[in-house]
Protein chains: 2
Amino acid sequence: MNENIRIAIAGHGNLGRGVEAAIGNNPDMRLVGVYSRRAPDQIKPRHAETPVYAMEQLPEDTDKIDVLILCGGSKEDLPRQGPELAALFNTVDSFDTHARIPEYFAEVDPVARANNRTALVATGWDPGLFSLNRALGEALLPDGATYTFWGDGLSQGHSDALRRVAGVAGAVQYTRPAQEAISQVLAGERPELTAQKMHKRECFVVLEDGADAEEVRTAIVTMPHYFDGYDTTVNFISAEELARDHQAMVHGGFVIRSGNTSPDTTQVMEYGLKLGSNPEFTASVLVACARAVHRMNALGQVGAKTIYDVPLGLLSRRSPEELRAQLL
Amino acid sequence: MNENIRIAIAGHGNLGRGVEAAIGNNPDMRLVGVYSRRAPDQIKPRHAETPVYAMEQLPEDTDKIDVLILCGGSKEDLPRQGPELAALFNTVDSFDTHARIPEYFAEVDPVARANNRTALVATGWDPGLFSLNRALGEALLPDGATYTFWGDGLSQGHSDALRRVAGVAGAVQYTRPAQEAISQVLAGERPELTAQKMHKRECFVVLEDGADAEEVRTAIVTMPHYFDGYDTTVNFISAEELARDHQAMVHGGFVIRSGNTSPDTTQVMEYGLKLGSNPEFTASVLVACARAVHRMNALGQVGAKTIYDVPLGLLSRRSPEELRAQLL
Ligand SMILES: NC(=O)c1ccc[n+]([C@@H]2O[C@H](COP(=O)([O-])OP(=O)(O)OC[C@H]3O[C@@H](n4cnc5c(N)ncnc54)[C@H](OP(=O)(O)O)[C@@H]3O)[C@@H](O)[C@H]2O)c1
Ligand SMILES: NC(=O)c1ccc[n+]([C@@H]2O[C@H](COP(=O)([O-])OP(=O)(O)OC[C@H]3O[C@@H](n4cnc5c(N)ncnc54)[C@H](OP(=O)(O)O)[C@@H]3O)[C@@H](O)[C@H]2O)c1
């Protein structure tokens, strides 16, 4: 099926750059361009040939774009851009403030519906693929328990927190799933676990000149909310090491459901991701979702949608016949 | 959502008994009964209170049943029962002869469509959940490779083959995924692997009185198609051990996709199952799928369907609002 789906990107951060890369892996898609709030000449696209436009240009380009992928931040950008742009385009976004999803959905849905647009909100890997597996696990094994582990992953929020500690010149923090906890869960033991028992925190810190390592370490491991109560390791490294070894935005994790189908019979289902780049993978999910949105809109399925509403065959470039013959 | 979905079971083998168990874990469902080709008094249901009827009774009970779960064998039963019963009921089946799925789909589809029924064919875990992950992996990481590993699992076909070897009184065979191959795949190396390199075969054999162990071992490991070319281990055990330790129909496996989103960035996605009982887990999938079929039929989505056509939220007992608020 060569559908030649015309995709545009709204917002050019990590995710927007990731979408540029992902389009290249999908021969049924064509990138119309990147639209940014910043002046186009300020934007350096990943591929020199990607056209860059001002965001204000978007309303004039509705006929040129089949699906607009919203790559703004969840905190400040999407709450405004999502409802606004769903009036003009079919959209896909990766809104990831979990607690606010119902509110965000309620903002986008009526606008999209009134304009016959399809808006797939809050997709990616979490929310997104992990959400799918949480729901599947529960539906398939109703008598059971679900565990979401994150990592190994670079945590932006925790890295920022480290950088605010006095004496720290630079830092990154990795969240790592605790192997003991994973083993217990995979064994079907349904342990009671807190986020603290499920994850370890590993910090790589560059000290400021003259800073006291032990004082910095203590300030970190006792920091409330962020590190207190966690098994936290602090490694001191040079600025060169930080620049050389810790730039990749690795991430990932596991969703595990363990349950019983009868009193003596345990079943375990596990979904895991090991991501060399969080934004590039998330972008790949958004791009496949854009294909589904294009098709759902053609089928008259308008309004706000989540990954729970998408028949997953629509994500594939293959026709239903091919999927049945080749992959089922 | 308490929908009180009325389920019936056609065929009472391992899977049919599994469905009996699974219904008990789903309070929105009620078991109407088991229908069998054998005389009802020959059937011993898992729960004494499960009503048992003759298969010929089915056409009279169309008003009593929302979804009929077909638990016949894929080789002899479903090719006849599937199209026939899709004229009368919404159905779910686990037809697993992969190569024949298109043919089977083509038999069921027109009948279901003509009678406004929804027939979800070839679901379970493979085909089913594994198929879903093969398609997802390819759609999300188009530049990549997919690997399906099976095991640790009791293989019925290979156990049967062992029992046909001269000198063997009883036997079971476990298929085990090769850890070295899994490690290579998880590392994103995209190795070229054959089924032989991906799996090991472990046999537990009870010898007949006077049989020569070495002769039996040689006959097994050199058996064409089944064992030749595989890393095969043969363990000799007593009849008591066979009866005590090798009755559980354990199974499982992994679908792994590794791919690149850009030349230097590897991403790995993994879906794994560790099943204490293959038929009980498969039955749990069929039961959740029956919920989706019931809802799809109510939405007017008739004809034959596969898991690729099902929005996965429909498998959940939760409403779309709840799914968004609790699990997304
Ligand atoms: N669901 C999931 O699994 C998942 C996974 C990862 C991320 N996410 C979500 O994706 C969102 C976007 O992530 P991101 O890493 O792409 O965020 P980001 O790099 O901070 O980009 C967000 C926006 O900020 C603007 N921006 C980027 N670089 C800028 C710069 N140098 N100067 C000024 N403005 C700049 C861009 O908009 P303009 O071009 O319009 O200025 C861009 O759209 C996150 O908020 C997160 O919610 C979701
Ligand atoms: N998609 C997947 O992931 C997946 C996984 C596992 C299995 N499967 C499929 O499920 C199918 C059914 O598996 P199963 O283990 O339930 O097969 P099974 O035990 O052999 O039962 C198949 C049928 O044989 C009849 N039967 C059962 N026990 C009998 C007995 N003692 N005497 C005479 N007839 C008997 C039953 O029909 P009546 O009651 O009408 O006689 C039953 O419906 C398999 O063929 C396989 O294709 C699919």
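Please read all numbers here as calculations on a predicted model, not as lab measurements. (Residues numbered from 1 in each chain as written. Chains lettered and ligands numbered in written order. Predicted model: local features only at pLDDT ≥ 70, side-chain atom pairs only at ≥ 80, totals over all residues. Heavy atoms only, no water.)

### Remarks on the interface of chain A and chain B
Spelled out, the test is: The contact rule is simple, with two residues in contact once any of their heavy atoms fall within 4.5 Å. By convention, the term buried area covers the 1.4 Å-probe accessible surface removed from two parts as they join, with the contributions of both added. Salt bridge, as used here: a side-chain nitrogen of Lys or Arg that lies within 4 Å of a carboxyl oxygen of Asp or Glu. We call two N or O atoms a polar contact when they sit within 3.5 Å, provided that within protein one can donate a hydrogen and the other can accept it, with sequence-adjacent residues counted only if both atoms are side-chain atoms. Secondary structure counts use DSSP, requiring at least four H or I residues in a row for a helix and at least two E residues in a row for a strand, with both numbered from the N terminus. For this scheme, ten residues count as nonpolar: Ala, Val, Leu, Ile, Met, Phe, Trp, Tyr, Cys and Pro. Four count as charged, namely Asp, Glu, Lys and Arg, and the remainder, Gly too, count as polar. By the convention used here, strands pair only if DSSP detects at least 2 bridges between them.
If you look at the interface, chain A gives 63 residues, while chain B gives 63 residues. Regarding the contact of chain A and chain B, the summed buried area is about 5,200 Å², with carbon and sulfur atoms giving 59% of it. Three residues stand out in chain A for area buried against chain B, namely Y308(A), R324(A) and L328(A), and they jointly supply 16% of the buried area on that side. For E138(B), the salt bridge goes to R318(A), with nearest N and O atoms at 2.6 Å. Put simply, chain A and chain B have 31 residue pairs in polar contact (both at pLDDT 80 or more) between them. Contributing elements (two or more residues each) for the side of chain A that touches chain B: α3 (101–114), α4 (129–140), β12 (251–262), β13 (265–275), α10 (278–298) and α11 (320–327) of chain A. Split into classes, the residues belonging to the side of chain A that touches chain B amount to 34 nonpolar, 18 polar and 11 charged. When β13(A) meets strand β13 (residues 265–275) of chain B, the two strands line up antiparallel, connected through nine bridges. Opposite G272(A), over in β13(B), you have E270(B) as the bridge partner.

### A word on the sheet that holds strand β7 (residues 144–150) of chain B
Put simply, the test is: In this analysis an axis means a line fitted to C-alpha atoms, helices contributing only their contacting stretch, and an angle means the value between N-to-C directions, from 0 to 180 degrees.
Read from one edge to the other, the open sheet built from six strands follows the order β7(A)-β12(A)-β13(A)-β13(B)-β12(B)-β7(B), with strand pairing classed as antiparallel. With partners counted over all chains shown, the strands left at the sheet margins are β7 (144–150) of chain A together with β7 of chain B, one partner each. Taking each pair of neighbouring strands and ignoring which way they run, the sheet shows an average axis angle of 10°. Pairing of β12(A) with β13(A), which is carried by 11 bridges, proceeds in the antiparallel orientation. Looking across to β13(A), one finds that G252(A) is bridged to K274(A).

### Some remarks on the relation of the copies chain A and chain B
What counts, and what does not: Copy-to-copy superposition: least squares on the C-alpha atoms, limited to residues that have pLDDT of at least 70 in both copies.
When chain A is fitted to chain B, the best match, at an RMSD of 0.0 Å, comes from turning it 180° and sliding it 0.0 Å along the axis. Each copy turns onto its partner about a two-fold axis. A share of 100% of the interface residues of chain A reappears at the interface of chain B, consistent with the copies meeting face to face through the same patch.

### Focus on the site of ligand 2
All names here are of chain B. Heads up, the condition is: We define proximity as follows: a residue is near a molecule or strand when any one of its heavy atoms falls within 4 Å of that partner. All accessibility values rest on the Shrake-Rupley procedure with a 1.4 Å probe; residue burial counts only the protein chains present in the view.
Around ligand 2 there are 23 residues in total, and L15, S36, S74, D96 and W125 lie nearest to it. In this structure, an oxygen atom belonging to ligand 2 sits 3.2 Å away from a side-chain N or O atom of S94. Here an oxygen atom of ligand 2 and a backbone polar atom of D126 are 2.9 Å apart. With the chains in place, 71% of the 910 Å² that ligand 2 exposes on its own is no longer accessible. Mapped by element, the contributors of at least two residues to the shell around ligand 2 are α1 (14–23) and α10 (278–298). Partitioning the shell around ligand 2 into residue classes produces five nonpolar, 13 polar and five charged.

### With respect to the domain arrangement of chain A
Residues and elements named next belong to chain A. Going by this rule: For every domain, the bounds stem from an assignment made automatically or drawn from a database.
Partitioning chain A into domains gives domain 1 (5–126 + 279–327) and domain 2 (130–277). A separation of 29 Å is found between the C-alpha centroids of domain 1 and domain 2. Between domain 1 and domain 2, the contact holds 10 residues from the first and 13 residues from the second. Of the roughly 1,100 Å² buried where domain 1 meets domain 2, counting both sides, 68% is carbon and sulfur surface. Interface area lost by domain 1 to domain 2 is led by W125, D126 and Y308, which between them contribute 55%.

### A closer look at the sheet that holds strand β11 (residues 231–236) of chain A
All names here are of chain A. Read across the open sheet, the four strands follow the order β8-β9-β10-β11; overall the sheet is mixed. Each edge of the open sheet carries a strand with a single partner, namely β8 (153–154) and β11. Where strand β9 (residues 168–177) lies against strand β10 (residues 199–207), nine bridges are found, and the strand directions are antiparallel. Across the sheet, residue V168 finds its bridge partner in β10, namely L207. The strands touched by helix α5 (residues 156–163) within the sheet are β8, β9 and β10, with β9 carrying the most contacts at an inclination of about 145°.

### Regarding the side chain of K305(B)
Take K305(B): it is sitting in strand β14 (residues 303–305). In this structure the side chain of K305(B) is engaged in a polar contact, spanning 3.4 Å, whose partner is the backbone oxygen of V302(B).

### Here's the deal with the packing of aromatic side chains
Heads up, the rule is: The criterion for an aromatic pair is that two Phe, Tyr or Trp rings (for Trp, the six-membered ring) have centres within 6.5 Å, with stacked assigned to planes under 30 degrees apart, edge-to-face to planes over 60 apart and tilted to the rest. Burial classes follow relative accessibility: with a 1.4 Å probe on protein chains only, a residue under 20% of its type's maximum area counts as buried, one over 50% as exposed, and anything between as partly exposed. Comment: the charge-over-ring label is applied if NZ (Lys) or CZ (Arg) is within 6 Å of the ring centre and within 35 degrees of the ring normal.
Considering all chains together, one arrives at 10 aromatic pairs over all chains under this definition. Ring centres of Y174(A) and F204(A) lie 5.7 Å apart, and the angle between their planes is 80°; on these two criteria the pair is classed as edge-to-face. Linking Y174(A) in strand β9 with F204(A) in strand β10, this pair joins segments that are 30 residues apart in sequence. With respect to burial, Y174(A) and F204(A) carry one shared label: buried. Between F95(B) and Y104(B), the ring centres sit 4.2 Å apart and the planes meet at 15°, which makes this aromatic pair stacked. Since its relative accessible area comes to 3%, F95(B) is described here as buried. Of the aromatic side chains, those joined through ring pairs into one cluster are W125(A), F130(A) and Y271(A). Just above the ring of Y230(A) sits the side chain of R201(A); from NZ or CZ to the centre is 4.2 Å.

### Let's talk about the site of ligand 1
All names here are of chain A. Neighbouring residues of ligand 1: 23 residues in total, closest L15, S36, S74, D96 and W125. Here an oxygen atom of ligand 1 and a side-chain polar atom of S36 are 2.8 Å apart. Within the side chain of R37, a nitrogen or oxygen atom sits 2.9 Å from an oxygen atom of ligand 1. Burial of ligand 1 by the protein amounts to 71% of the accessible area it has alone, namely 910 Å². Taken together, the elements giving at least two residues each to the shell around ligand 1 come down to α1 (14–23) and α10.

### Considerations on the pairing of strand β1 (residues 5–10) of chain A
All names here are of chain A. A large share of β1 lies buried, amounting to five of its six residues. Here β1 pairs with strand β2 (residues 29–36) via six bridges, running parallel. The residue of β2 that forms the bridge with A10 is Y35. Across four bridges, β1 lies against strand β4 (residues 67–70) in parallel orientation. Looking across to β4, one finds that A8 is bridged to L68.

### Looking at the pattern of salt bridges
Pairing is possible between side chains of opposite charge, provided their charged atoms come close. A complete count under the given rule lists 38 salt bridges over all chains for this structure. D28(B) is the salt-bridge partner of R291(B), the closest N and O atoms lying 2.7 Å from each other. One end of the pair, R291(B), is in helix α10; the other, D28(B), is in the loop between α1 and β2 (29–36), with 263 residues separating them in the sequence. Of the two residues, R291(B) and D28(B), both sit in the buried class. Between D77(B) and R37(B) there is a salt bridge, with its nearest N and O atoms 2.8 Å apart. With a gap of 40 residues between them, D77(B) in the loop between β4 (67–70) and α2 (78–85) and R37(B) in the loop between β2 and β3 (52–54) connect regions that are remote in the sequence. Residue R37(B) is classed as exposed on the basis of its relative accessible area of 52%. Where salt bridges share partners, they join E138(A), R318(B) and E322(B) into one cluster.

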